[in-house]
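Spelled out, the chains give:
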Amino acid sequence: MFLTFRWFGADDPVPLAHIRQIPGVRGIVSALYDVPIGEAWPRDNVQRLAASVNDAGLALSVVESIPIHEDIKLGRPTRDRLIDNYAASVRAIGDAGVRVLCYNFMPVFDWTRTDLAMRLSDGSLTLAYDDAALARIDLSRGSGELPGWAHAYTPDELATLLAAYRGVTDEAMWEHLAYFLERVVPAAEEAGVVMALHPDDPPWPIFGLPRIITDAAALERLLRLVDRPANGLTFCTGSLGSRPDNDLPVMARRFAERGRIHFAHCRNVRRTGERRFHEVPHPSTCGDVDMRGVLAALRDAGFAGPARSDHGRMIWGEQGRAGYGLHDRALGATYLLGLWEGLARP
Ligand code: DNO
């Protein structure tokens, strides 16, 4: 395992120079944020991004994410051209020396929370999700008021998109995912890139939309769609850990032993009810995720890929992008490094 840190580009309030000062962090996880979804990423822009990271003494290790156009997830006829563009983007990141691509297959919304600043008893602010609160969100006003990093849809756009998904079953989503992977995985192999699908977050349907990447059986099915090493996983302890039926150390061992975990997202959650949780500091003792068990499984399996401390709380008065401040993520990174070192065989 080697440590990486997510950086949102030149606009990120956390500069690369600060990331470089976190012990053990060698790699950067980033993306191009100004290319419209569905267009091919220009090679020069990817090369420039990689060069700016190199100039700071770090390496661009992972691209997270190249978003997948909704027409691909919906299986529309326009998907072939969009998949060609996607493959071109994958080749562009491979040419820039990036070896891992983290992406997701969630319809309409990426990761979703109902509160971006829930106050914990120690005064820190954290991200929280409650299915009952989600049910009160009025989508007829567009996605603007939705906390999270969803693309901001106007009310009309959102209504059209939600209508398009009506009747799209889980099985149809699996077919559309297979169609996509059958075409993109070979391109990734040629480009020297491995694909690391991020689980759905939270891992259950929201707003009536299908969500299929939720548990061990789903991860198994995903790997079989295209049974090749380049079709792999981002093992996100926080997403998978918000379901009590996911045994994380067992899952980590099972998939890492087969060489199919290409990236680890490490964060901790406290489950407080049925489909209700909030995020907590990274150490195992702070929540329901057995971080030591997960890292031990990865270590035993010989995992040598990138990992990052995922979401942090807002602490010490820091202001910034919810979940992605510097301080708590840096504490998390140091904890992960310590765990890893402690797990080393004598
Ligand atoms: C949230 C992230 C996700 C992730 C995408 C991958 O903090 O883990 O937004 O980047 O789902 O495509």
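How each quantity is defined
- Residues numbered from 1 in each chain as written.
- Predicted model: local features only at pLDDT ≥ 70, side-chain atom pairs only at ≥ 80, totals over all residues.
- Helix = DSSP H or I, 4+ residues; strand = E, 2+ residues; numbered from the N terminus.
- Rg over C-alpha atoms; globule rule 2.2 N^0.38 Å.
- Buried ≥ 20, exposed ≤ 12 C-beta atoms within 10 Å, placed from the backbone.
- Near = placed C-beta within 6 Å.
- Nonpolar A, V, L, I, M, F, W, Y, C, P; charged D, E, K, R; others polar.
- Pairing = 2+ DSSP bridges.
- Axes fitted to C-alpha atoms, helices over the stretch in contact; angles between N-to-C directions.
- Expected span 1.5 Å × (residues − 1).
- Bend = angle between axes of the 7 residues up to and from the residue.
- Contact = placed C-beta atoms within 7 Å.
- Parallel < 35°, antiparallel > 145°, perpendicular 65-115°, else oblique.
- Left-handed = near helix turned anticlockwise from the far one by under 90°.
- Core = buried A, V, L, I, M, F, W, Y, C linked by C-beta atoms within 7 Å.
- Right-handed = clockwise from strand over helix to strand, strands pointing away.

Enquirer: So, the overall build of the protein chain: which residues are in play, and what are the values?
Expert: Helix and strand counts for the protein chain stand at twelve helices and twelve strands. What you see for the protein chain is a C-alpha radius of gyration of 19 Å, in line with the 20 Å of a compact globule of 346 residues. Taking the principal axes of the C-alpha coordinates as reference, the protein chain spans close to 55 × 45 × 40 Å. By residue count, 45% of the 346 residues in the protein chain fall in the buried class.

Enquirer: Could you give me a rundown of the site of the ligand, with the residues and numbers involved?
Expert: Surveying the vicinity of the ligand reveals twelve residues, the closest of which are S65, N104, D110, W111 and H198. Of the residues assigned to the shell around the ligand, the class counts are four nonpolar, six polar and two charged.

Enquirer: How would you summarise the pairing of strand β10 (residues 268-273) if you had to cite specific residues and measurements?
Expert: As judged from the five bridges shared by β10 and strand β11 (residues 276-280), these two strands associate in the antiparallel manner. Counterpart to R271 in the pairing with β11 is F277. Between β10 and β11, which pair antiparallel in sequence order, lie two residues; one of them, R275, sits at a positive phi of approximately 55°.

Enquirer: Kindly report on the sheet that holds strand β9 (residues 261-266), identifying the contributing residues and their values.
Expert: With parallel pairing, the eight strands of this closed barrel are ordered in space as β1-β2-β3-β4-β7-β8-β9-β12. The average angle at which neighbouring strand axes cross in this sheet is 30°, direction not considered. As paired strands, strand β4 (residues 100-103) and strand β7 (residues 194-197) are joined by four bridges and run parallel to one another. Within β7, the position partnered with Y103 by the bridge is L197.

Enquirer: Can you tell me about helix α7 (residues 170-191), naming the residues and giving the values?
Expert: For α7, built from 22 residues, the straight-helix expectation of 32 Å at 1.5 Å per residue is met to within 8% by its first-to-last C-alpha distance of 30 Å. Along α7, the sharpest kink reaches roughly 30°, centred on L181. All of the buried residues along α7 are M173, H176, L177, F180, L181, V184, V185, A187, A188 and A191. Taken together, the buried residues of α7 touch α3 (70-74), α4 (79-95), β4, β7, α8 (216-225) and β8 (231-236).

Enquirer: I'd love a proper account of the sheet that holds strand β6 (residues 125-130), names of residues and values included.
Expert: Taken in spatial order, the four strands line up as β5-β6-β11-β10 in an open sheet, and their pairing is antiparallel. If you trace the sheet from one side to the other, it starts and ends with β5 (115-119) and β10, each paired once. Between one strand and the next, the sheet's axes are offset by a mean angle of 35°, whatever the strand orientation.

Enquirer: I'd like to hear about the environment of D300, residue by residue, with values.
Expert: Of note, D300 is situated in helix α11 (residues 291-300). Sequence separation between D300 and A31 is 269 residues; the distance between their C-alpha atoms is 31 Å.

Enquirer: Could you give an account of the packing of helix α10 (residues 248-257) against α11, with specific residues and numbers?
Expert: Running from N to C, α10 and α11 cross one another at 15°; their axes reach a closest spacing of 8 Å. The angle between α10 and α11 falls in the class roughly parallel. Remark: the crossing between α10 and α11 carries right-handed chirality. When α10 is examined against α11, the residues L248, P249, A252, R253 and A256 are found in contact with a partner set consisting of G293, V294, A296, A297, L298 and D300. Classifying every residue of the contact of α10 with α11 by side-chain character gives eight nonpolar, one polar and two charged.

Enquirer: So what's going on with the environment of C266? Which residues, and what values?
Expert: If you trace the backbone, C266 turns up in strand β9. On the basis of neighbour counts, which here come to 26 C-beta atoms within 10 Å, the residue C266 falls in the buried class. C-alpha of C266 to C-alpha of D310: the two residues are 44 residues apart in sequence and 5.2 Å apart in space.

Enquirer: How would you summarise the nonpolar core if you had to cite specific residues and measurements?
Expert: One finds L101, V184, A188, M195 and A252 to be the most contacted residues of the largest nonpolar core, which totals 91 residues. Considering every element that reaches this core, the biggest residue donor is α7, with nine residues. With residues near it in sequence (within four places) discarded, L101 still touches V63, I66, V90, I93, A188, V193, M195 and A196.

Enquirer: So what's going on with the pairing of strand β3 (residues 59-64)? Residues and values would help.
Expert: Taking burial as the measure, the six residues of β3 include five buried ones, the bulk of the element. Two strands pair when backbone bridges link them, and strand β2 (residues 25-30) and β3 are joined in this way by four bridges, in the parallel orientation. For S30, the partnering residue across the bridge sits in β3 and is V63. In this region the chain leaves β2, passes through helix α2 (residues 43-55) and returns to the parallel neighbour β3; the handedness of that crossover is right-handed.

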